[in-house]
Amino acid sequence: ESEGAKYALIFEPSRGNNGIITSRRSCANAIVEVFGKSAHSSVYTQGVSAVVGLSNIMQKMNKLHDPSRDIYVNMGEISNSGPVNQVSDYARMEVSCRVDTKEQGEEYFKKYTDACDPELEGCTAKINCFPLEAPMERTEKNLHLFNIAVKAGKLLNMDLPEINAYGSGDSAKFSEYGLGTIDGL
């Protein structure tokens, strides 16, 4: 239905100060699973703790932050397979960071994968990186459309600042297809 379209206007509730979104970040999400060997905690050395293996991976993931690009790796939804009196043979966590481009997403998927060595004899790890949703990159077409909106705003005595949204959204699909896109109207 959009064949021949040049622009996409996304009428999602506006942001503070009537901001118009010209770019949106995407999420590089993954699940990390660690496998060890179960044992009763009274014979701890007969097991291999997947929780310890996961904590080793978490320490490496925590070093992947890149403040110069506003990229921070967050870990959550952490779980394991057993009670406190058992050496867990399974542990898992979810990992996420916000990225501006597909290339950054692929870069972080590689960094996640490289960090997934539990560094514990008897432990193995598996990572599942989810398909990267397209970010809405700040393109010349988006800026052209934004400038038209700013001129219209001036006619209405409205100030319309440019905003980069930190969350992904449907508007990214239109931008990915090459349409000039603004969001938050």
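This one's a predicted model, so the numbers in the text were calculated from it and none came from an experiment.

Caption draft 1: View of the confidence of the model for the protein chain. Across the protein chain, pLDDT averages 91, with 98% of residues at or above 70. At the low end of the mean pLDDT range in the protein chain sits helix H4 (residues 171-176), at 86; at the high end sits helix H1 (residues 50-61), at 96.

Caption draft 2: Quick peek at the side chain of Arg24. Within the secondary structure layout, Arg24 lies in strand S2 (residues 20-24). Engagement of the side chain of Arg24 in a polar contact is seen with the side chain of Ser171, the distance being 3.3 Å. Only 2.9 Å separates the side chain of Arg24 from the side chain of Asp183, close enough to count as a polar contact.

Caption draft 3: Layout of a nonpolar patch on the surface. There is a patch of nonpolar side chains on the surface, built from Leu9, Phe11 and Leu185 and spanning about 310 Å² of accessible area. Among the secondary structure elements, Leu185 is positioned in the segment after strand S10 (180-183). A relative accessible area of 32% places Leu185 in the partly exposed class.

Reading the values: the criteria
- Residues numbered from 1 in each chain as written.
- Predicted model: local features only at pLDDT ≥ 70, side-chain atom pairs only at ≥ 80, totals over all residues.
- Heavy atoms only, no water.
- pLDDT = per-residue confidence, 0-100.
- Helix = DSSP H or I, 4+ residues; strand = E, 2+ residues; numbered from the N terminus.
- Polar contact = N/O pair within 3.5 Å; in protein donor to acceptor, adjacent residues only side chain to side chain.
- Patch = residues over 30% accessible without salt bridge, like charges linked within 9 Å, V, L, I, M, F, W, Y side chains within 5 Å.
- Areas by Shrake-Rupley, 256 points an atom, 1.4 Å probe, with all protein chains shown as cover.
- Salt bridge = Lys/Arg side-chain N within 4 Å of Asp/Glu carboxyl O.
- Buried < 20%, exposed > 50% of the residue type's maximum accessible area, 1.4 Å probe, protein only.

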